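Tertiary structure, described
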Amino acid sequence: MRCKFCERPAFIKLHYPKMYLCEEHFKEYFERKVKRTIERYKLLRPDERILVVVSGGKDSAVTAYILKKLGYNIECLHINLGIGEYSEKSESYAKKQCEALGVPLHIVRVRELLGKGIGEVKTRRAVCSYCGLTKRYIFNKFAHDNGFNAVATGHNLDDEASFIFANLMNWNTQYLAKQGPLLPGEGKFVKKVKPLYELTEREVVAYALANGIKYMVEECPYARGATTLEYKAILNEMEEKRPGTKINFVKGFLRKKKLFEAELQEVELKECRICGMPAQGKKCSFCNFWGLEKPLEFNGRITPP
Ligand code: AMP
Ligand code: FES
Ligand code: ZN
Ligand code: ZN
């Protein structure tokens, strides 16, 4: 098959809209779509300093690559979670990706910072749950302390569709009101953005391949995976039968999101007595979980060798 726009052989068949594209026209398509996402949802302004949080995986690597290509002012942050081989490998991919881009990379190592790695804490909480809490806190605190205007993550359309689907299936609708491509900044919460919001996982993999972006393929050994992957598989099956299912599901959700706002609980946020970040009680959930007595300081922290 030939590309829809030129004589070159097809590199990919897109299902929605249905078309064959050569490598060059696919890259153009992908980049235009990210640009449109940024404009449509007003994610970023040209003068902002953006912290791209990179896991070593494909989605965040592509996010950093494309924001740099579109001319944004970015730096990257990788959190080494202290999960044995998996984390060492992830860190080395993050380093290679940022070196290839010529973008500064900051590295925060959980074991050095907090004494224990993810998975080594004795607690009844699920590993993925306190891992998520730890990552979110560090992304935000690092960005806040170092004066970034936004944190960009690699979430793609499949991530978003499966998150909404899973939460609807379980009627955990209280999580949906704040879900979307943009979480505006507020007080000490730095704005969060998802530039790949409208691109499928398949498109992200193809874009990485087309640009020679190397990334970590292995899943975390604690993969909360099982159920998320099942929801993704169901959506993929539906997408196959009815192309456009995922994007229409997610866009429909955004139109109806207001319905879930009624479930937002008004909680008065105070300042954590340890770190000064927003907290529901006397301590924020991060300082509380890790039993901190003094705050983590990221101000002026730069790339370790
Ligand atoms: P996940 O929750 O693992 O699907 O990751 C969602 C997004 O969070 C990724 O696309 C990255 O932008 C970011 N992220 C996940 N893990 C890390 C990490 N260890 N260090 C930095 N960023 C991460
Ligand atoms: Fe956090 Fe696996 S990445 S538990
Ligand atoms: Zn072409
Ligand atoms: Zn705190």
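Residue positions within a chain follow its written sequence, with the count starting from 1. For this description, chains carry letters from A and ligands carry numbers from 1, given in the order in which they are written. Only residues with pLDDT of at least 70 get local features here, since the model is predicted, and only at 80 or more are side-chain atom pairs given and counted; chain-wide, interface and lining totals rely on the full set of residues. The basis for the side-chain values is all heavy atoms of the structure; hydrogens and waters are excluded.

1. Remarks on the overall build of the chain
Where helices and strands are cited, they refer to DSSP runs of H or I of at least four residues and of E of at least two residues respectively, numbered from the N terminus. Along the backbone of the chain there are 11 helices and 10 strands. Against the globule reference of 19 Å for 305 residues, the chain gives a C-alpha radius of gyration of 20 Å, in line with a compact fold. In terms of overall dimensions, the chain has a C-alpha envelope of 65 × 45 × 40 Å along the principal axes. Three exposure classes are used, based on accessible area relative to the maximum for each residue type with a 1.4 Å probe and protein chains only: buried under 20%, partly exposed in between, and exposed over 50%. Looking at the chain as a whole, 50% of its 305 residues are labelled buried. Contacts in the chain between residues far apart in sequence, at least 24 positions, make up 69% of those at least 6 positions apart. A gap of 2 Å separates the mean positions of the 52 positive and 37 negative side-chain charges of the chain. Radius of gyration means the value over C-alpha atoms here, while the globule rule gives 2.2 Å times the residue count to the 0.38 power. Note on contacts: a residue pair qualifies if any of its non-hydrogen atoms lie within 4.5 Å across the two residues. Positive charge is attributed to Lys and Arg, negative charge to Asp and Glu, and no charge count is given to His or to the chain ends. Taken as the charge location is NZ of Lys, CZ of Arg, CG of Asp or CD of Glu.

2. A short note on the coordination of the zinc ion (ligand 3)
At the metal site, the zinc ion (ligand 3) is ligated by Cys3 (SG), Cys6 (SG), Cys22 (SG) and His25 (ND1), and these contacts range over 2.0 to 2.4 Å. In this structure, the zinc ion (ligand 3) is coordinated by 4 donor atoms arranged in tetrahedral fashion, with angles at the metal of 102 to 113°. In the primary sequence, the donor residues of the zinc ion (ligand 3) line up as C-x2-C-x15-C-x2-H. Of this pair, Cys3 sits in the segment before strand E1 (12-15) while His25 sits in helix H1 (residues 23-40); the two residues are 22 residues apart in sequence, bridging distant segments of the chain. Just as Cys3 is buried, His25 falls in that class too. Shown as donors are all N, O and S atoms within 2.8 Å of a metal ion, widened to 3.2 Å for Na, K and Ca; because water is not in the atom set, sites may appear incomplete. Four donors are marked tetrahedral only if all angles between them lie between 85 and 135 degrees, whereas four are marked square planar and six octahedral if opposite donors are more than 155 degrees apart and the other angles lie between 65 and 115; the remainder are marked irregular.

3. Some remarks on the packing of aromatic side chains
Aromatic ring pairs: the centre-centre distance and the angle between the two ring planes describe each pair. A pair of aromatic rings is counted whenever rings of Phe, Tyr or Trp (Trp by its six-membered ring) have centres within 6.5 Å, and the orientation is called stacked for planes under 30 degrees apart, edge-to-face for over 60 and tilted otherwise. This model, assessed by the stated rule, comprises 14 aromatic pairs. Plain terms: the ring middles of Tyr65 and Tyr207 are 5.9 Å apart, the flat faces sit at 75° to each other, and that makes the pair edge-to-face. On the criterion of sequence distance, the pair formed by Tyr65 in helix H2 (residues 58-69) and Tyr207 in helix H7 (residues 201-210) is long-range, its members being 142 residues apart. On the accessibility criterion, Tyr65 (21% relative accessible area) is partly exposed. The exposure class of Tyr207 is buried, given its relative accessible area of 0%. Of the aromatic side chains, those joined through ring pairs into one cluster are Phe11, Phe26, Tyr29, Phe30, Tyr65 and Tyr207. By definition, being over a ring means that NZ of Lys or CZ of Arg is both within 6 Å of the ring centre and within 35 degrees of the ring normal. We note Arg49 situated over the ring of Phe148; from NZ or CZ to the ring centre the distance is 4.0 Å. For the cation-ring pair, Lys96 lies above Tyr93, with the distance from its terminal atom to the ring centre recorded as 4.7 Å.

4. Some words on the sheet that holds strand E7 (residues 182-183)
Between any two strands, pairing holds if DSSP finds at least two bridges. In spatial order, the strands read E5-E4-E3-E6-E8-E7; together these 6 strands make up an open sheet with mixed pairing. The strands lining the two open edges of the sheet, one partner per strand, are strand E5 (105-109) and E7. Relative to E5, strand E4 (residues 73-80) runs parallel, the two sharing 5 bridges. Looking at the pairing, Asn80 lines up with Arg109 of E5. Packed onto the sheet, H2 meets strand E3 (49-53), E4 and strand E6 (150-152) and runs at close to 155° relative to E3. Contacts from helix H5 (residues 127-145) reach E3, E4, E5, E6 and strand E8 (191-193) within the one sheet, and its direction differs from that of E4 by about 140°. Note on definitions: angles span 0 to 180 degrees between N-to-C directions of axes, and those axes are lines fitted to C-alpha atoms, for helices only across the stretch in contact.

5. Some thoughts on the coordination of the zinc ion (ligand 4)
For the zinc ion (ligand 4), the protein coordination sphere consists of Cys272 (SG), Cys275 (SG), Cys284 (SG) and Cys287 (SG), at 2.3 to 2.4 Å. Taken together, the 4 donor atoms coordinating the zinc ion (ligand 4) span angles of 104 to 114° at the metal, a pattern that classifies the geometry as tetrahedral. Ordering the donors of the zinc ion (ligand 4) by residue number gives the pattern C-x2-C-x8-C-x2-C.

6. Some remarks on helix H3 (residues 84-101)
The end-to-end C-alpha distance of H3 is 27 Å, a good match for the 26 Å that 18 residues give at a rise of 1.5 Å each. For H3, the complete set of buried residues consists of Ser87, Ser90, Glu91, Tyr93, Ala94, Gln97, Cys98 and Leu101. Around the axis of H3, the buried residues are gathered within 165° of arc, so they sit on the same side. Seen from the open side of H3, the exposed residues pointing more than 90 degrees away from its buried face are Glu85, Glu99 and Ala100. Considering only its buried residues, H3 is in contact with H2, E4 and E5. For a helix, the expected span equals 1.5 Å multiplied by the residue count minus one. Think of the arc as the fan of directions from the helix axis to the C-beta atoms.

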